[in-house]
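For reference, the chains in residue letters:
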Amino acid sequence: MTRRLNSLALSLALACVTAVSACTDAADPSDAPRATEVELASPWTLASDASALTYLSIKSGNVAEVNTFGTLNGSVGEDGSAEISIDLDSVNTNVDIRNERMRNVFFETDAYPTATASTTLDLGTFADLEIGESADVVVRFDLALHGETAGYDIDAKVTRLGANRVSVDNTAPLILYPDDFNLLDGLGELQALAGLNSITPVVPVNVSLVFERAG
């Protein structure tokens, strides 16, 4: 379940990166020509202190809990290559023993310390986006988690906050499944250790990410 969460988060983060790299710096789009892909290309970095990734875990049928990841990293290169990574050791379930089980039993962070989402972006997609405007995007990305890789689409809204600052928020939940990443055994072990009747293998994730570039 928690694994799914990671994937979700990565996914959303990925979407953010996509939008960010596409924004242009044109001062007045009304009298300036559409920016070229070369003009749009510049490195963007995730502003970790302004970003958040949360997910819901559901156990015993109807008990929902909010969980987070404390360490996120992301960037978009000048060539349009984008990557978001989640430090799985930074998982926070608000219960110390549960955090430890998530790291050691579910994610197996000694062997798989991070989850990574990657994609290649069309940097011209948001060339006309002005400060204060938003655009809806669908991003196709690959998620690497627990030694497996799967492809997903994520729906997100990109808002240009300033000339060199962009936010990205998911507009629809991204649902991941443990069997896509060989995590079913770990999920079952978590359930047994906690003495639970069930852990729902479907996890909704919400992401609010901010990307910046040097101006």
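How each quantity is defined
- Each chain has its residues counted from 1, following the order in which its sequence is written.
- Totals for whole chains, interfaces and linings use all residues, but because this is a predicted model, local features are given only for residues with pLDDT of at least 70 and pairs of side-chain atoms are given and counted only at 80 or more.
- Values reported for side chains reflect all heavy atoms of the structure, with hydrogen atoms and water molecules removed beforehand.
- A run of DSSP states H or I qualifies as a helix once it reaches four residues; a run of E qualifies as a strand once it reaches two. Both are numbered from the N-terminal end.
- The buried label applies to any residue whose accessible area, calculated with a 1.4 Å probe on protein chains only, is under 20% of its type's maximum; exposed applies above 50%, and partly exposed to all values in between.
- For this analysis, residues touch if any pair of their heavy atoms sits within 4.5 Å.
- Areas reported here follow the Shrake-Rupley algorithm with a probe of radius 1.4 Å; residue values treat only the protein chains shown as occluding.
- Note on aromatic contacts: the rings of Phe and Tyr and the six-membered ring of Trp form a pair at centre separations within 6.5 Å, being stacked when their planes are under 30 degrees apart, edge-to-face when over 60 apart, and tilted otherwise.
- We count a salt bridge whenever a side-chain nitrogen from Lys or Arg sits within 4 Å of a carboxyl oxygen from Asp or Glu.
- Here a polar contact is recorded for every N or O atom pair within 3.5 Å, except that within protein the pair must consist of a potential hydrogen donor and a potential acceptor, and residues adjacent in sequence are included only if both atoms are side-chain atoms.
- What we call a nonpolar core is a set of buried Ala, Val, Leu, Ile, Met, Phe, Trp, Tyr and Cys residues that are connected through their side-chain atoms within 4.5 Å.
- Taking the helix axis as origin, the arc is that swept by the directions to the C-beta atoms.
- Paired strands, in this sense, are two strands between which DSSP finds at least two bridges.

### Section: the overall build of the protein chain
Phase 1 of the analysis: When its secondary structure is counted, the protein chain shows four helices and eleven strands.
Phase 2 of the analysis: Considering the protein chain as a whole, with its 215 residues, one finds that 47% of them fall into the buried category.
Phase 3 of the analysis: Long-range contacts, defined as pairs at least 24 residues apart, comprise 72% of the intrachain contacts of the protein chain with a sequence gap of at least 6.
Phase 4 of the analysis: With the model as given, the accessible surface of the protein chain reaches about 9,600 Å², and the carbon-plus-sulfur share is 47%.

### As for the packing of aromatic side chains
Phase 1 of the analysis: Scanning the model with the defined rule gives five aromatic pairs in all.
Phase 2 of the analysis: Relative to Phe69, the ring of Tyr55 has its centre 5.6 Å away and its plane inclined at 35°; by these criteria the two rings are tilted. In this pair, Tyr55 sits in strand E2 (residues 52-59) while Phe69 sits in strand E3 (residues 63-69), placing the two residues 14 residues apart along the sequence. Here the two residues Tyr55 and Phe69 agree in accessibility, since each one is buried.
Phase 3 of the analysis: Pairwise contacts between aromatic rings join Tyr55, Phe69, Phe106 and Phe107 into one cluster.

### Focus: unusual backbone geometry
Phase 1 of the analysis: One non-glycine residue with positive phi stands out, namely Glu108, at about 50°.
Phase 2 of the analysis: Relative to the helices and strands, Glu108 is located in the loop between helix H3 (96-107) and strand E7 (114-120).
Phase 3 of the analysis: Look at His146: it is not a glycine, yet its phi comes out positive at around 55°.
Phase 4 of the analysis: When you line up the elements, His146 lands in the loop between strand E8 (134-145) and strand E9 (148-162).
Phase 5 of the analysis: Residue class for His146 comes out buried when judged on its relative accessible area of 9%.

### Things to note about the pattern of salt bridges
Phase 1 of the analysis: One pass over the structure, following the stated rule, counts five salt bridges.
Phase 2 of the analysis: Ionic pairing is found between Glu65 and Lys59, a salt bridge with its closest N-O pair at 3.1 Å.
Phase 3 of the analysis: Linking Asp136 and Lys157 is a salt bridge whose minimum nitrogen-to-oxygen distance equals 3.0 Å. Of this pair, Asp136 sits in strand E8 while Lys157 sits in strand E9, and the two are 21 residues apart along the sequence.

### Things to note about the side chain of Arg213
Phase 1 of the analysis: Looking at the element boundaries, Arg213 is found in the segment after strand E11 (205-212).
Phase 2 of the analysis: By relative accessible area, which is 10% here, Arg213 ends up buried.
Phase 3 of the analysis: Polar contacts involving the side chain of Arg213 include one to the side chain of Asn164, which spans 3.1 Å.

### Comments concerning the nonpolar core
Phase 1 of the analysis: Counting 45 residues, the largest nonpolar core has Phe69 and Tyr152 as its most contacted members.
Phase 2 of the analysis: It is E8 that provides the largest number of residues to this core, a total of six residues.
Phase 3 of the analysis: Aside from chain neighbours lying at most four places away, what touches Tyr152 is Val139, Arg140, Phe141, Leu143, Leu174, Ile175, Leu176, Asp180 and Phe181.

### Concerning the side chain of Arg160
Phase 1 of the analysis: Here Arg160 shows up in strand E9.
Phase 2 of the analysis: At 3.0 Å, the side chain of Arg160 forms a polar contact with the backbone oxygen of Leu129.

### Concerning helix H4 (residues 184-194)
Phase 1 of the analysis: Residues of H4 that are buried: Gly186, Leu187 and Leu190. Taken around the axis of H4, the buried residues stretch over an arc of 100°, which confines them to a single face. What points out from H4, more than 90 degrees from its buried face, is the exposed set Asp185 and Ala192.

### Here's the deal with the pairing of strand E5 (residues 81-87)
Phase 1 of the analysis: As judged from the five bridges shared by strand E4 (residues 72-76) and E5, these two strands associate in the antiparallel manner. Considered in E5, the bridge of Val76 is made with Ala82.
Phase 2 of the analysis: The antiparallel hairpin formed by E4 and E5 contains four residues in its connecting segment, where Gly80 sits at a positive phi of about 90°.
Phase 3 of the analysis: As defined by bridge partners, E5 adjoins E7 across seven bridges and the pair is classed as antiparallel. Note on E7: the bridge partner recorded for Ala82 is Thr119.

Functional significance is not addressed by these values, which are geometric in nature.
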